[in-house]
Amino acid sequence: MAKLPGPLEIYPLLPGTNCQDCGEANCMAFATKMAEHTVKLKACTPLYEDPKYAKKLVKLEELVTPPVREVTIGVGEFAASIGAKLVLYRHDLRYSNPTSFFLDVADNLEADAFAARVKEIEDWTYTYIGTGLRLDGIALRGVSTDPQTFAKAAKKLTEISNWPIILCSLDPAMLAAGAKAIADKRPLLYAATMDTWSEVGEIAVKHDLPLVAYAPGSLDNLATLTNTLRAMGVKELVLDPGTASKAGLGATVDNFTQLRRSAIIRENELLGYPLLSAPIAVWADHREGEAPELTKWDEVLTAAAMIVRYSDLLILHSADMWTNLPLTFLRSNLYTDPVKPVAVEAGLVEFGDVGPDSPVMYTTNFALTYFTVESDIKQAGSTAYLVVVDTEGMSVQSAVAGRKLTAEKVAETLEETGIADKVKHKVLISPGMAARISGETEEASGWTIKVGPKDSSGIGKYLQEGKWKEE
Amino acid sequence: MTSDKEKSRTTSLDDMFGDFAELVLENVTLEIDELKLALRPAVQQLARAATQQVLALPKSLISSSFATPLGEYSSSIQEITLGATKGQGGTRGNTVTIGGHTAPAWDLFQAPPKHPPIIAADVFDMKIPLAKAVKTHYKEVMEDPAEWAKLVVDKFGADVVTLHLISTDRQLGDTSPNDAAKTIEEVLQAVKVPILIGSAGDPEKDGPVLAKAAEVCEGERTLLCSATVDVYEEIAVAAKKHDQVVLSWTSIDINQQKELNRRLFEWLKPEQIVIDPTTAALGYGLEYAFTIMQRMRLGGLLGDEELRFPISSGTTNAWAAREAWLNEPSLGPRELRGPIWESVTALALMLAGNDLFMMMHPAAIKTVHDLIDWMKEARKVDEFPDWTTLSIPEGV
């Protein structure tokens, strides 16, 4: 793994004035956070404003450049930052900048269809553990092969959307027209190839735009192309070694892995750029009249493999719930900070305006279980007490099987929370998955157990029906 | 940062100039050498700006080559063979071997997987509640484990079968170890592939049931699923006596896994252990399973004797995610949602290093078989279509 700078290497290059402009107590505290990658250098404003720190700034920027550089696409609040990866394996620290999902829009769609497609992409959302999952950007494809149509569509796109844009065409004339039309929105240009590097590189330099180097099937070619574009002065690069699905998936996974390994383990800075994959390429195999589900299925599998194997940006076509749910979930999972504890604190949690007649439920302290239950209770707007039992961070089902969730544990926790003094009933609603210990729990605790739903999505309905109150 | 790092950066910048020098010499100009000399003492930042101005337009590609980033691994993952043919003292038509790896999962440039992963289809010894999308495929065989086993092998292409003896649970029927033995015999008769035996997860019954299974499967080289930190001795003793393999199952805790394996070493040889750190569903803790598997594989390759075992996953757990089965039309057809959930859960864990997948939905089983086939070698891709101009039918 690349050596990441420690606070003692960073500290001497900071102003050392302890001005607290960054929000930290002093420069050492800031240096420590820099080393943990939890603050950005830009927060140290004096470094950037006072010319006397110019030399320090240059050194610091060099020092803290991640082995995979960061590239920002678009402007404003929706801008997408990709890359800035520090480690090969998430357990070595954490992955930063979750893979950006860009969905395609064809430049030759009729106005209504064009707007509808953009809306479909922008509106895709799903609530997951209390946060709204969403997509990230729009890949405008030059299907028309006409530069004027492409430029017009790009312009139109910036009028109806604030989302970051990738201008996609292998024809330099198309990219020149598109870049000219919307350069101020900082689109990513896709792509320069072994044939077009000179013209496309010039467009990127001229408008100071990030650019994709695309050399499918040959890492030597990709290194050469990258080397050349850098020499031309292209500062922000994204690498695409080509995406093939099905029988080509092995080679694709292999290429992406080699590139990321080179950047992080070998510290090969020539390849230290974000990686782009295009699962959308599966649509080349789609035949008119064929069921699109099979192609979508293939697109999901390819995209899932590329999320795991180091893609910083994906270009996708399918905008369905069933295709993007597993992908956005996978992204959330892998980009979760691995030091985040598996368990939440055990004890009593109140939802809504609780009183002596409020229902009492219990669950385990596995973070995922707890947050799912919490989110379901909140979404249902239920008023209830929730007793969180310490199962050493295991889900209900595993904890019952592994005897971390036992009648004694439940009884003990009830006692500790003092819930008996807060309600005037002795009915405890158990998770459906803990049904098998309900008899023992009644004996151990003296509470009546009512078995609740197996999945916490049913809590709202269960409480509303009020069956738990029946004798 | 260290001076090493600075040195490498300087070197690479220098290399870049070196490339330019060759190139520009070809194109008959000496400017570059002068520039290079002038630049050497200058600050790197300035150098970069200067290159951009002076060398704005190279006349041809600046060749660079890619060095394969090989890693160094001192050890390899244990090979485990399941099942035994007639000649080997069993009755199976074939055996399966997992593990044996010398590289991180799917780092094909280093070494392809020694043995590609395999799929075990779950068979239960009694009717159980299943998600509708799964049940559809099993409703005919739900009360007949032998027929169930035939179905998963003949129709769904399972490599091996896991027979889960859940009816032995005191809460679910409390059938005896002898009843279980009868069921095992029936399934052994019904299919020719190796079979694995799963217990109910009842701490009082698991030991006796798996000990009986070990005895009944004498010679068959079965996998006894599972030994846990609470129940392991009786299982390990039986496995030793009857030469079976044991699944060492822990709860998302790498230290617990090492601890349990250490205890099992008292009875078992390395070729008798498969490990399972627990599979959580996509969206519901998958990352814990993913990262532990990745760490176990790397640990094993780097010589950790307590971790160098093939890994197994109860991938069917993917169905614990409500998004896989909820009857909610706004999420799209659940006939697709469920199996893709199981497939993506498997794919992520496959890339983390899993060797044995215990699965249920036939479409997911097919998909994972396809994925293994597609990924086991880096086949040359002949053509990369230009997707930027693809005409994709509207509305799909």
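Residues numbered from 1 in each chain as written. Chains lettered and ligands numbered in written order. Predicted model: local features only at pLDDT ≥ 70, side-chain atom pairs only at ≥ 80, totals over all residues.

### Structural notes on the overall build of chain B
Right, on to step 1. Helix and strand counts for chain B stand at 13 helices and 10 strands.
Right, on to step 2. When the 396 residues of chain B are sorted by exposure, 52% land in the buried category.
Right, on to step 3. In chain B, of all internal contacts separated by at least 6 residues, the share reaching a separation of at least 24 is 69%. (Helix = DSSP H or I, 4+ residues; strand = E, 2+ residues; numbered from the N terminus. Buried ≥ 20, exposed ≤ 12 C-beta atoms within 10 Å, placed from the backbone. Contact = placed C-beta atoms within 7 Å.)

### A closer look at the overall build of chain A
Right, on to step 1. When you go through chain A residue by residue, the secondary structure sums to 17 helices and 17 strands.
Right, on to step 2. Across its three principal axes, chain A shows a C-alpha extent of roughly 80 × 65 × 40 Å.
Right, on to step 3. In chain A, buried positions account for 51% of the 471 residues.

### What about the pairing of strand β14 (residues 360–364) of chain A?
All names here are of chain A.
Right, on to step 1. Burial runs high along β14: five of the five residues are buried.
Right, on to step 2. With respect to chirality, the unit in which β14 leads through helix α13 (residues 367–380) into the neighbouring parallel strand β15 (residues 384–389) is right-handed.
Right, on to step 3. Note that β14 and strand β16 (residues 427–430) share two bridges and pair parallel. Along β16, the bridge assignment pairs V360 with L428. (Right-handed = clockwise from strand over helix to strand, strands pointing away. Pairing = 2+ DSSP bridges.)

### Some remarks on the interface of chain A and chain B
Right, on to step 1. The interface of chain A with chain B comprises 87 residues on the first partner and 87 residues on the second.
Right, on to step 2. Of all the secondary-structure elements, those providing two or more residues to the side of chain A that touches chain B are α4 (54–64), α9 (219–232), α10 (249–264), α11 (292–308), α12 (321–334) and α14 (396–401) of chain A.
Right, on to step 3. Top contributing element to the side of chain A that touches chain B by residue count: α10 of chain A, with nine residues.
Right, on to step 4. Split into classes, the residues belonging to the side of chain A that touches chain B amount to 47 nonpolar, 22 polar and 18 charged. (Nonpolar A, V, L, I, M, F, W, Y, C, P; charged D, E, K, R; others polar.)

### Some thoughts on the sheet that holds strand β9 (residues 312–313) of chain B
All names here are of chain B.
Right, on to step 1. Read across the sheet, eight strands follow the order β8-β7-β6-β5-β4-β3-β10-β9 without closing on themselves; strand pairing throughout is parallel. Taken across any chain shown, the strands that pair with only one partner, and hence form the sheet edges, are β8 (273–276) and β9.
Right, on to step 2. Looking at chain direction, strand β4 (residues 160–164) and strand β5 (residues 195–198) are connected through four bridges and run parallel. Each residue of the ladder has a partner; that of V161, found in β5, is I195.
Right, on to step 3. Of the strands in this sheet, β6 (223–227), β7 (245–249) and β8 are in contact with helix α9 (residues 254–264), which crosses β7 at around 150 degrees. (Axes fitted to C-alpha atoms, helices over the stretch in contact; angles between N-to-C directions.)

### Looking at the confidence of the model for chain B
All names here are of chain B.
Right, on to step 1. In this model, chain B carries a mean pLDDT of 88, and residues with pLDDT of at least 70 account for 86%.
Right, on to step 2. Below a pLDDT of 50 lies the segment residues 1–54, which in the model reaches 42 contacts outside its immediate sequence neighbourhood of four places, other chains included.
Right, on to step 3. Model confidence for the complex is summarised by a pTM of 0.88, with the ipTM given as 0.89. (pLDDT = per-residue confidence, 0-100.)

### Quick notes on the packing of helix α6 (residues 147–160) of chain A against helix α7 (residues 172–182) of chain A
Residues and elements named next belong to chain A.
Right, on to step 1. α7 packs onto α6 with a crossing angle of 30 degrees between their chain directions and a minimal axis gap of 8 Å. Judged by the angle between their axes, α6 and α7 are roughly parallel. The handedness of the crossing between α6 and α7 is right-handed. On α7, the residues touching P147, Q148, F150, A151, A154, K155 and T158 of α6 are A173, M174, A177, G178, K180, A181 and I182.
Right, on to step 2. Among the residues making up the contact of α6 with α7, the classes are represented as nine nonpolar, three polar and two charged. (Parallel < 35°, antiparallel > 145°, perpendicular 65-115°, else oblique. Left-handed = near helix turned anticlockwise from the far one by under 90°.)

### Details of the sheet that holds strand β17 (residues 448–451) of chain A
Sheets are built from strands paired through backbone hydrogen bonds, the pairs being either parallel or antiparallel.
Residues and elements named next belong to chain A.
Right, on to step 1. Taken in spatial order, the five strands make up an open sheet running β13-β15-β14-β16-β17, and their pairing is mixed. Each edge of the sheet is formed by a strand with only one pairing partner; in this case those strands are β13 (347–351) and β17. When the angles between neighbouring strand axes are averaged without regard to direction, this sheet yields 30 degrees.
Right, on to step 2. Across the sheet, helix α16 (residues 438–445) lies against β16 and β17, angled at about 155 degrees from β17, the strand it touches most.

### Quick look at the nonpolar core
Right, on to step 1. Core analysis: the largest hydrophobic core is formed by 247 residues, its most contacted members being L189, A213 and A304 of chain A together with V161 of chain B.
Right, on to step 2. Ranked by the residues each element gives to this core, the list is headed by helix α12 (residues 334–352) of chain B, at 10 residues.
Right, on to step 3. Not counting the four nearest positions on each side in its chain, L189 of chain A is found in contact with L167, L175, A179, V200, I203, A204, L209, L211 and V212 of chain A.
Right, on to step 4. Among the nonpolar cores identified, the runner-up in size contains 11 residues, and L13, C22, M34 and L60 of chain A belong to it. (Core = buried A, V, L, I, M, F, W, Y, C linked by C-beta atoms within 7 Å.)

### Regarding unusual backbone geometry
Right, on to step 1. With an omega of 10 degrees, the peptide bond running from Y190 of chain A to A191 of chain A counts as cis.
Right, on to step 2. Along the chain, A191 of chain A turns up in strand β8 (residues 188–192).
Right, on to step 3. The linkage connecting C225 of chain B with the following residue, S226 of chain B, adopts the cis geometry, with an omega of 10 degrees.
Right, on to step 4. Along the polypeptide, S226 of chain B turns up in strand β6.
Right, on to step 5. Although it is not a glycine, N18 of chain A sits at a positive phi angle of roughly 50 degrees.
Right, on to step 6. By secondary structure assignment, the location of N18 of chain A is in the loop between α1 (7–10) and α2 (27–35).

### Notes on helix α6 (residues 177–190) of chain B
Residue and element names in this part refer to chain B.
Right, on to step 1. End to end, α6 covers 20 Å across 14 residues, agreeing with the expected 20 Å (1.5 Å per residue, within 8%).
Right, on to step 2. Buried within α6 we find A180, T183, I184, V187, L188 and A190. Considered in projection along α6, the buried side chains sweep an arc of 160 degrees and stay on one side of the axis. Pointing more than 90 degrees away from the buried face of α6 are the exposed residues N178 and Q189.
Right, on to step 3. On its buried face, α6 sits against β3 (118–124), α5 (145–155), β4, β5 and α7 (206–216). (Expected span 1.5 Å × (residues − 1). Arc of directions from axis to C-beta.)

### A look at the environment of S96 of chain A
Residues and elements named next belong to chain A.
Right, on to step 1. As for its position among the elements, S96 is in the loop between β2 (80–83) and β3 (100–106).
Right, on to step 2. We classify S96 as partly exposed; it has 19 C-beta atoms within 10 Å.
Right, on to step 3. Once residues within four sequence positions are removed from consideration, S96 is found in contact with H37, A84, K85 and L86.

### What to know about the environment of Q171 of chain B
Residue and element names in this part refer to chain B.
Right, on to step 1. Mapping Q171 onto the fold places it in the loop between β4 and α6.
Right, on to step 2. Here Q171 falls in the exposed class, since 12 other C-beta atoms lie within 10 Å of it.
Right, on to step 3. Placed 31 residues apart in sequence, Q171 and D202 show a C-alpha to C-alpha distance of 8.7 Å.

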